[in-house]
Amino acid sequence: MVRPRWLSVQRTAAARSWLIWDRTIALWATVNLVWVVFDITYVPFRTFWLQRNLTPIPQVPLVVPLKVLPNITPLYDPVKGIEPHRETQAYLQHFEQLDAALARSTSLTSSAQLRRQQVALTEAMINENPFAASGNSGTLEKIKNRLRQRAGLDSAKQSAERLLSDRWLQRNTWEEERRFWQQQILPLVATSYWRSIDENGRPSDHFWRYDLLLFQSVFAFDILLRMLRLRRRFPGLSWRDALLRRWIDLPLLLPFWRWMRLAPVVERLSQAGMINVEPLRAVISRGVVSLLALELFEVLALQLVDGTQSLIRSPQWPRMIRSLRSHQSVSALPPQLEQPLLGLLQLWGPMVLGQVTPRLTPELQSLLSHALEQSLREVPGGAVVPSALARQLTASMVETVVELSRTTADRLAQNDDRQAELLQRFGDRFWEELAAALERGDTLERSQELLCGLLQQVKLNYLAQVNRAGIGALMEELDELTAPVPVTPEPPATPQA
């Protein structure tokens, strides 16, 4: 039955609408992932966002300003519960008062009180270390080192006192000193902050509120829509199974481990056709699968060899061989099934006796002729027997054996109840005599030792060779098998005369 045209158009329009929705959610999830990465790295990189400059080499005072970037710290500090530190803020405000006083007056006497207070604030900052609360104790060491280098003293407190003394300011203009303080000291002081603590004793973080309102609610609605779409395609699917099929979307709803959202975001972008991660996925999965396959094969091979050795070391060999007899091994089989060993003998007997043995006639003649000549030489007077006679005797013997073999093969190929009974009796007697022979003397123990030693050598040599081959050789072999074969262009046909 032909599908109506209007129905096809409706399904195409619906599919296009879902594609637009999926791409919109994928872009929204990408925005959320970028924001999550920014939020995770904001506190460690707050100094960068505050100063907006780069220091490529920390030991060299080389600063690359990035003033094109906006100062977002006043907007994002409340999200992380960050507030200005009171001591460092008082230090910065007091320096502004000192700078204004020195800029207004040409006399140093009017600013003497402010300079002493600034020195006292510097000493208090060195003693109390307000940078420890934010985990930036190294910033205080930078401030102390720069004060020492500027003043040429070993003590940071004495250096601050010298840099703000009358004698120092008389030799150096305040413009030069202000440039030092504003470029070398005050930006480091401004990096100190205080972060509030919530009721659980952890630093305050209000990111989850914006995340829940703007993103997680949208993701929950989209997951619900995807579950409805699954149940619409598969009516017998339960809500739980539909949710489990979308397990990769669950990190989008977790309030912790937000970095795990990378997996569902990449999956959504790939499903929406916005990126192609198949080459990367193929390379990663091939390496992982190759590694796991090699490890798994080593474990399975080792277990197989160990299990075989344990079976060989078992003292129950005679009992297990006797259990191969027909009245013990196949009594539980249904009557309509042939006995395995008897059927195998009936299949291989005619093949070996009727096809394989006649083709070995020249080799059998040579072997028996040589054996007969050697035997006759040991008999008194047997050395005078000509070789031609020995070859003639062996030829007639081999022909007789081959003919008997063909006759036996023809008989075995026929369905004969009496013959089957005799073969079964022969097999039972063979297993019985083999078990009895193993019970006599040390044949069983010696056989077990030899077989276990052989398996031990296989285990050591082969598994060691597999380990030496490693993943590299396996990956190279896989590349050779999967790499496209270049097509050689055929040479142009030569015109015939």
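None of these values were measured; they are calculated from a predicted model.

1. Some details on the overall build of the protein chain
Here's step 1: Each helix and strand in the protein chain was counted, giving 20 helices and four strands.
Here's step 2: Here the protein chain, with 497 residues, has 30% of them falling under the buried criterion.
Here's step 3: For the protein chain, the accessible surface area stands at approximately 33,700 Å², while carbon and sulfur atoms represent 61% of it.

2. Section: the packing of aromatic side chains
Aromatic rings considered in pairs are described by the distance between their centres and by the relative angle of their planes.
Here's step 1: A complete count under the given rule lists 14 aromatic pairs for this structure.
Here's step 2: For the pair Phe38 and Tyr42, a centre-to-centre distance of 5.6 Å together with 55 degrees between the ring planes defines the contact as tilted. Placement of the pair is Phe38 and Tyr42 together in helix H1 (residues 5–42), with a separation of four residues, close to one helical turn. Judged on exposure class, the residue Phe38 and its partner Tyr42 are both buried.
Here's step 3: One aromatic cluster in this structure is built from Trp28, Trp35, Phe207, Phe215 and Phe219.
Here's step 4: Directly above the aromatic system of Trp18 lies the positively charged group of Arg229, at a separation of 4.1 Å from the ring centroid.
Here's step 5: The aromatic ring of Phe234 is capped on one face by Arg245, whose charged end is 5.2 Å from the ring centroid.

3. Quick look at the side chain of Thr88
Here's step 1: Mapped onto the secondary structure, Thr88 falls in helix H4 (residues 86–104).
Here's step 2: When its relative accessible area of 2% is taken as the criterion, Thr88 is described as buried.
Here's step 3: A distance of 3.1 Å separates the side chain of Thr88 from the backbone oxygen of His85, its partner in a polar contact.
Here's step 4: Ignoring sequence-local partners within four residues, the contact set of Thr88 consists of Pro130, Val189 and Ser192.

4. Section: unusual backbone geometry
Here's step 1: For Arg52, which is not glycine, the phi dihedral falls at a positive 55 degrees.
Here's step 2: With respect to the helices and strands, the residue Arg52 is situated in the loop between helix H2 (46–51) and strand S1 (53–54).
Here's step 3: For Trp257, which is not glycine, the phi dihedral falls at a positive 50 degrees.
Here's step 4: Residue position: Trp257 is located in the loop between helix H11 (239–245) and helix H12 (262–271).

5. Looking at the pattern of salt bridges
Here's step 1: Evaluation of the coordinates by the stated rule reveals 18 salt bridges.
Here's step 2: Across the salt bridge formed by Asp211 and Arg261, the nearest N and O atoms sit 2.7 Å from each other. With Asp211 in helix H10 (residues 207–233) and Arg261 in the loop between H11 and H12, this residue pair connects regions lying 50 residues apart in the sequence. Taken as a pair, Asp211 and Arg261 share a single burial class, namely buried.
Here's step 3: Through salt bridges with shared partners, one network takes in Asp22, Asp222, Arg226, Arg229, Arg246, Asp249, Glu267 and Arg268.

6. Focus: the packing of H4 against helix H5 (residues 112–128)
Here's step 1: For the pair H4 and H5, interaxial distance at closest approach is 10 Å and the crossing angle is 160 degrees. Classified by the angle their axes make, H4 and H5 are roughly antiparallel. The handedness of the crossing between H4 and H5 comes out as left-handed. Between H4 and H5, the residues in contact are Glu87, Ala90, Tyr91, His94, Phe95, Gln97, Leu98 and Ala101 and Leu114, Arg115, Gln117, Gln118, Leu121, Thr122, Met125 and Glu128, respectively.
Here's step 2: Looking at the contact of H4 with H5, its residues break down into eight nonpolar, five polar and three charged.

The rules behind each value
Residues numbered from 1 in each chain as written. Predicted model: local features only at pLDDT ≥ 70, side-chain atom pairs only at ≥ 80, totals over all residues. Heavy atoms only, no water. Helix = DSSP H or I, 4+ residues; strand = E, 2+ residues; numbered from the N terminus. Buried < 20%, exposed > 50% of the residue type's maximum accessible area, 1.4 Å probe, protein only. Areas by Shrake-Rupley, 256 points an atom, 1.4 Å probe, with all protein chains shown as cover. Phe/Tyr/Trp six-rings, centres within 6.5 Å; stacked < 30°, edge-to-face > 60°. Lys NZ or Arg CZ within 6 Å of the ring centre and 35° of its normal. Polar contact = N/O pair within 3.5 Å; in protein donor to acceptor, adjacent residues only side chain to side chain. Contact = heavy atoms within 4.5 Å. Salt bridge = Lys/Arg side-chain N within 4 Å of Asp/Glu carboxyl O. Axes fitted to C-alpha atoms, helices over the stretch in contact; angles between N-to-C directions. Parallel < 35°, antiparallel > 145°, perpendicular 65-115°, else oblique. Left-handed = near helix turned anticlockwise from the far one by under 90°. Nonpolar A, V, L, I, M, F, W, Y, C, P; charged D, E, K, R; others polar.

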